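Residue-level listing of the chains:
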Amino acid sequence: MDNRLAHMRPDRTPAWRRLLKLARKPFDLAAPGALSPKRIRAMKSDAAGFRLLYATERVTPEVLRALQELASQTQAVGQFARMMRGEVMNEIVGHPSERRQVLHTASRNVFDDLSCKHDAAQAEAVGKAKTQLSRLKGLLAEVEQQGRFTDLVQVGIGGSDLGPRALYIALRGFWRPDRRVHFISNVDPDDAAMVLDGLDLSRTLVCVVSKSGTTLETLTNERLVADRFERAGLKPKDHFVAVTAEGSPMDDPGKYLRSFHMYDYIGGRFSATSMVGGAALGFGLGYDNFVEILRGAREMDLNALQPNIRKNLPLLAALLGIWNRNFLGHETLAILPYSQMLSRFVAHIQQLDMESNGKRVDRCGRPVKYATGPIVWGEPGTNCQHAFYQLIHQSETVVPCEFIGFRQGQLGEDLEVEGTTSQQKLLANLLAQAVALATGKRDDNPNKVFPGNRPSSLLIADRLTPRTLGALLAYYENKIAFQGFLWNINSFDQEGVQLGKVLANQFLDHFKAKGRRSEDDPTGWGLMDAAGLL
């Protein structure tokens, strides 16, 4: 990493100071005529099959110019390009840290028609990605030829579960009719039992995913699943494949039918387009549909290199988020997909965003003096309109919203009722919510007043396909990376998850020894014992 960038303080840039002044009087969305056709036409951008509409954000052309300046003064696009080239970006300068490259984008840069000149590090990563993709194609061809596997169970946690699960569920209309994919993540034994019950284990593959090969929850669940196979008279080695780091304890041909490799330059939450997602998605959707996911992601990666924020969708989204977080003071972000297929997508983006940018020190280890990642939450519409939209519309807490929509349904099953189709009703609700949040409503009855000025944006495409889903995934991955660069934090480590793991292992040591500790034990063992939890 360039040490000059690591020492950068974004809040000391001229653009940041300019934005602070502009935030004193943000655009009034609730003013009469504020959402004019001219404004709506001017505030839209297109890339990779998506259109981003942001007229319902509290921005003006002057704010957009200042945001462009902030991107330039922090070298946001240059940093993204350095990341893609394979420079070390996962680092805290002057302190012990992972000090790794960040090359998840290489996993989808594997096609001649979308290739570009590579630096040496990028070329090496692309070469490894091509090798793993070829090995996956070979395994899937073998499975196809044998015709004996109808189900696959993926065992993993965090990024090894959330991303692949969200993508698989999102593409229900593209599932192979002769295949099913299931996921086990929670170390709660009931999770594994519910998945395994009813499966014909003789026709089931198990994909165990752990980069280190030592993840406690994953290894525990692997052992539980293997025990079920053994009790059924089956050899786990004939059914189990692994996705792990080269040379890890799980990279063992004596134990697994096949091992695929994942690399330390791809973080778990950014790994869905690597073999972490490839095995399950290739099995359940078919190889060609997995390739389409990669192609869509690659298109959005290339779009992220555009220097003009009006042409760079993920950078524009990142800057609008920073405007809402740092200058308008909004702490949370609701992601609201008007597609039932994206029912688990928000859970994945929640991890992606909060694990990446929930940081309190910059890339030199100095405490930051400004807010970083927001609290991310959400559910699919229109169900959520009858749940938490009351708070979004009328509480004192302003929640910026990111709507996601599609002009057509995925499955092609629709019906006209009272003059409009279900999909049209869905889109009408989406558009109505964005307008209502922005403009509000005046009324003599104070209980019926809607304050308005609730910012939102809308990302829309024609239809949710493997290609558009890949682009949507990369849109959020790239948006979150850009925000990390703009805030000068390291979006690619996750120290915050480590302390709990260490303490959990200490508790497990106590369980093994069947010991007890005094109530002043700093691990809290005594407290648990006193509370009757043990």
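Along each chain, residue indices are assigned from 1 in the same order as the chain's sequence is written. Since the coordinates come from a predicted model, pLDDT governs what is reported: local features require at least 70, and pairs of side-chain atoms require 80 or more to be given and counted, while whole-chain, interface and lining totals use all residues. Side-chain descriptors were evaluated using all non-hydrogen atoms of the structure, hydrogens and water having been removed beforehand.

> Would you mind showing me how to read the overall build of the protein chain here?
Runs of H or I in DSSP of at least four residues are treated as helices and runs of E of at least two as strands, each being numbered from the N terminus. The secondary structure content of the protein chain amounts to 18 helices and 15 strands. The reference for a compact globule is 2.2 Å times residues^0.38; the radius of gyration itself is calculated from the C-alpha atoms. For the protein chain, the C-alpha radius of gyration of 24 Å lies close to 24 Å, the compact-globule estimate for 534 residues. By its C-alpha atoms, the protein chain is 75 × 60 × 60 Å across when sized along the principal axes. Every residue pair with non-hydrogen atoms within 4.5 Å of one another is taken to be in contact. Considering only intrachain contacts with a sequence separation of at least 6, the fraction spanning at least 24 residues in the protein chain is 74%.

> Which parts of the structure should I look at to understand the pattern of salt bridges?
Side chains that carry opposite charge are capable of pairing whenever their charged atoms lie near each other. By definition, a salt bridge exists where a carboxyl oxygen of Asp or Glu is found within 4 Å of a side-chain nitrogen of Lys or Arg. Within the structure shown, the criterion is met by 28 salt bridges. The partner of arginine 99 in a salt bridge is glutamate 91, and the shortest N-O contact between them spans 3.0 Å. Under the scheme applied here, a residue whose accessible area is under 20% of the maximum for its type counts as buried, over 50% as exposed, and between as partly exposed, the area being computed with a 1.4 Å probe on protein chains only. On the basis of relative accessibility, which here comes to 9%, the residue glutamate 91 falls in the buried class. Here aspartate 462 makes a salt bridge to arginine 407, at a shortest N to O gap of 2.7 Å. Placement of aspartate 462 in the loop between strand S15 (456–461) and helix H16 (466–487) and of arginine 407 in the loop between strand S12 (401–406) and strand S13 (416–417) is noted, with a sequence separation of 55 residues between them. Judged by relative accessible area, arginine 407 falls into the partly exposed class, the value being 37%. What you see here is one network of salt bridges that share partners, running through Glu144, Arg176, Asp178 and Arg179.

> Even after reading the chapter, I still don't get the pairing of strand S6 (residues 180–184), so can you show me in this structure?
Walk down a regular strand and you will see the side chains alternate between the two sheet faces. Of all the five residues making up S6, four are buried; the element is thus mostly covered by neighbouring parts of the structure. Strand direction decides the pairing type here: strand S5 (residues 151–155) and S6, joined by five bridges, are parallel. By the bridge assignment for S6, glutamine 154 is matched with phenylalanine 183. This β-α-β element, S5 to helix H7 (residues 162–170) to S6, shows right-handed connectivity. Here the rule is simple: two strands pair whenever DSSP picks up at least two bridges between them. By convention, a crossover is right-handed whenever its connection, traced from the first strand over the helix to the second and viewed with the strands pointing away, goes clockwise.

> For this particular structure, what's the right way to read helix H5 (residues 76–85)?
Residue pairs spaced three or four apart in an α-helix point in one direction, given the helix's 3.6 residues per turn. Taken across its 10 residues, H5 has eight buried, putting it largely inside the fold. Residues of H5 that are buried include every one of Ala76, Val77, Gln79, Phe80, Ala81, Arg82, Met83 and Met84, and no others. One or two residues past the end of H5 sits glycine 86, with phi positive at roughly 100°.

> How should I be thinking about the packing of H5 against H16 in this particular structure?
For any two helices packed against each other, the geometry comes down to the angle between their axes and how far apart the axes lie. Close contact between H5 and H16 brings their axes to 9 Å; oriented N to C, the two are set at 115°. For the pair H5 and H16, the crossing hand works out as right-handed. When H5 is examined against H16, the residues Ala76, Val77, Gln79, Phe80 and Met83 are found in contact with a partner set consisting of Asn478, Ala481, Phe482, Phe485 and Leu486. Geometry is summarised by axes, namely lines fitted to C-alpha atoms with helices restricted to the contacting stretch, and by angles between N-to-C directions that run from 0 to 180 degrees. Each crossing is labelled by how the near helix is turned from the far one, with a counterclockwise turn of less than a right angle marking it left-handed and a clockwise turn marking it right-handed.

> Before we go on, may I ask you to explain the packing of aromatic side chains in this structure?
Remark: the centre distance and the inter-plane angle together describe each pair of aromatic rings, the angle taken between the planes. Aromatic rings from Phe, Tyr and Trp, taking only the six-membered ring of Trp, are treated as a pair when their centres fall within 6.5 Å; an angle between ring planes under 30 degrees marks them as stacked, one over 60 as edge-to-face, and anything in between as tilted. Scanning all chains against the criterion turns up 16 aromatic pairs. Measuring from centroid to centroid gives 6.2 Å for tyrosine 168 and phenylalanine 183, while their planes differ by 55°, and the two rings are tilted. Of the two residues, tyrosine 168 sits in helix H7 while phenylalanine 183 sits in strand S6, which places them 15 residues apart along the sequence. Residue classification places tyrosine 168 among the buried residues on the basis of a relative accessible area of 3%. When its relative accessible area of 6% is taken as the criterion, phenylalanine 183 is described as buried. With 5.0 Å between their ring centres and 90° between their planes, tyrosine 475 and tyrosine 476 make a pair best called edge-to-face. Given the relative accessible area of 2%, tyrosine 475 is considered buried. The structure contains a cluster of three or more aromatic residues connected by ring pairs, namely Trp16, Trp323, Phe327 and Tyr370. Comment: the charge-over-ring label is applied if NZ (Lys) or CZ (Arg) is within 6 Å of the ring centre and within 35 degrees of the ring normal. Between the NZ or CZ atom of arginine 179 and the centre of the ring of phenylalanine 283, over which it lies, the distance is 4.5 Å.

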